[in-house]
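Examining the three-dimensional arrangement
Listed below are the residues making up each chain.
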Amino acid sequence: MRMVKQKFYCPHNITCCEKQEQKILELQQQQSTTLQKEIELAQKNQVELEARKQQELESKKLENMSAEKIALMAKYGYEAEDGEDGDDAGDDGEGDDDKPMSNKEYAAQMNVQNAQKQRATHVQTKKEAREQTAKAKADKNAKKEERRKRAVKGERRR
């Protein structure tokens, strides 16, 4: 069984239906042109992005740097042996003495060590805190009682 596309029949006149079909075709053409323009723009942006990435890679090479920057790199910088900037997953900052440690790694290691020292020196348990609170309350009550006794003796009367 073959499906036959039936045209929309307008009882008013045939030109009305043809105008509607023309409008639909024009809209479809406009949509296709806008989609084509968007595709072209996306391709152009992708090419520009790739060119920018390539330019960044080229600018990071030593021969493309200024003389001042090359001197600074020679004096203070060092190249990673494996060529990657990322850290190894199993490396905890200890062990490999042949590889220099970056400032960032050293700072992270020192932060961990300082945090461990602080935890070890300043440990207060709930029991100690409760004892301290009870002692403070007892001292406060003792001072209050002293004041009351002095008032009875007439020291605080006016």
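Conventions and cut-offs
- Residues numbered from 1 in each chain as written.
- Predicted model: local features only at pLDDT ≥ 70, side-chain atom pairs only at ≥ 80, totals over all residues.
- Heavy atoms only, no water.
- Helix = DSSP H or I, 4+ residues; strand = E, 2+ residues; numbered from the N terminus.
- Buried < 20%, exposed > 50% of the residue type's maximum accessible area, 1.4 Å probe, protein only.
- Areas by Shrake-Rupley, 256 points an atom, 1.4 Å probe, with all protein chains shown as cover.
- Salt bridge = Lys/Arg side-chain N within 4 Å of Asp/Glu carboxyl O.
- Patch = residues over 30% accessible without salt bridge, like charges linked within 9 Å, V, L, I, M, F, W, Y side chains within 5 Å.
- Lys, Arg positive; Asp, Glu negative; His and termini not counted.
- Charge placed at Lys NZ, Arg CZ, Asp CG, Glu CD.
- pLDDT = per-residue confidence, 0-100.
- Contact = heavy atoms within 4.5 Å.

Examining the overall build of the protein
- The helix and strand inventory of the protein stands at four helices and zero strands.
- For the protein, the sequential pattern of α-helices and β-strands runs α-α-α-α.
- Classification of the 158 residues of the protein by burial places 3% in the buried group.
- Carbon together with sulfur atoms contributes 52% to the accessible area of the protein, which is approximately 16,000 Å² in total.

A closer look at the pattern of salt bridges
- Taken as a whole, this structure holds one salt bridge when the rule is applied.
- The closest approach of N and O atoms between Glu 145 and Arg 148, which form a salt bridge, is 3.0 Å. Taken together, the positions of Glu 145 and Arg 148, both in helix α4 (residues 126-153) and three residues apart, correspond to about one turn of that helix.
- On the basis of relative accessible area, Arg 148 is assigned to the partly exposed category, the value being 47%.

Examining a positive patch on the surface
- A surface patch of positive charge is lined by Lys 137, Lys 140, Lys 144, Arg 147 and Arg 150.
- Mapped onto the secondary structure, Lys 144 falls in helix α4.

Some points on the confidence of the model for the protein
- Across the protein, pLDDT averages 79, with 73% of residues at or above 70.
- Counted against residues more than four places away or in other chains, residues 87-91, with its pLDDT under 50, gives four contacts.

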